[in-house]
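If you want the building blocks of each chain, they are given just below.
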Amino acid sequence: MHGTIPQKVGRVIGDLLTHPQYISRCFAHNVFQDKTPLDLELPWFSYAAIDFLKGWLEPQMNVCEYGSGGSTVFFARRVKSVYSIEDNLKWFETVASRVQEQGLDNVTVKLSPFDFKNPVGFEQSQYLNALPDERFDVIVVDGSEEWTQVRPICFQKAETRVKTGGIIVVDDSWRYPVLRENNSAKSFKTFQSVGPCRPGVTSTDIFFY
């Protein structure tokens, strides 16, 4: 979230005082280790959103995500199938290798390169349109982004593919307040807290359809 370093530190302290259940995880994942969310098999979301998803996900569900990583393994261990769209070749190889090492045969990682530093024509990009023409129980809007916001465009695409009764997860949602007013969801909830491998408080929005 935006702000000076003292403001960010203040938000972290305030959040941990309000939500003491995150204190041990925050220290374990951010202070005393040097692992990535992929190593931890956790989404790079707020802990509040992660805890919600742990209780909401069911084995028969299908997930699609813009952006792969710890979330890919996290979902794969809990649902029927995961389809991940990744733009970065090196990270694609890292995630695909980890998926293979873990024997997760319910995961497809799709490499769809795009230059996010020059996002002209994103609406016609292979990355955006890699979302399969089917319905998903969960669609995650995360992944790469540079100076120009493209996640709202991914969100609009996701709304055409989410099942009735499904959800769309938008990470770093504090960057996209417009989505809270312009969506087709029945409702949404903001899950704001500290999270794994990140120095401050973040928010993850979940939209219910």
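It should be emphasised that the depicted structure is a prediction, and the values quoted were computed from it without experimental measurement.

Caption draft 1: Expanded view of the pattern of salt bridges. Summed over all chains, the structure comprises ten salt bridges. Ionic pairing is found between Glu 101 and Arg 98, a salt bridge with its closest N-O pair at 3.8 Å. Taken together, the residues span about one helical turn, with Glu 101 and Arg 98 both in helix H6 (residues 89–101) at a distance of three residues. Overall, Glu 101 belongs to the exposed group, its relative accessible area being 58%. By relative accessible area, which is 21% here, Arg 98 ends up partly exposed. We note a salt bridge from Asp 205 to Arg 180, for which the minimum N-O separation is 2.6 Å. Pair noted here: Asp 205 is in strand S7 (residues 202–208) and Arg 180 is in the loop between strand S5 (162–170) and strand S6 (187–193), with a separation of 25 residues, a long-range link. For Asp 205, a relative accessible area of 1% translates into the label buried. Each of Asp 142, Glu 145, Arg 151, Asp 172 and Arg 175 takes part in salt bridges that share partners, so that together they form one network.

Caption draft 2: Spatial organisation of the pairing of strand S2 (residues 81–86). Of all six residues making up S2, five are buried, and the element is well covered by its neighbours. In the classification by handedness, the crossover that spans strand S1 (residues 62–66), the intervening helix H5 (residues 70–76) and the parallel S2 is right-handed. Examined bridge by bridge, S2 and strand S3 (residues 107–111) share five bridges and lie parallel to one another. Bridge assignment links Ser 84 to a residue of S3, and that residue is Val 109.

Cut-offs used in this document
Residues numbered from 1 in each chain as written. Predicted model: local features only at pLDDT ≥ 70, side-chain atom pairs only at ≥ 80, totals over all residues. Heavy atoms only, no water. Salt bridge = Lys/Arg side-chain N within 4 Å of Asp/Glu carboxyl O. Helix = DSSP H or I, 4+ residues; strand = E, 2+ residues; numbered from the N terminus. Buried < 20%, exposed > 50% of the residue type's maximum accessible area, 1.4 Å probe, protein only. Right-handed = clockwise from strand over helix to strand, strands pointing away. Pairing = 2+ DSSP bridges.

Treat this as a map of the structure, not an account of what it does.
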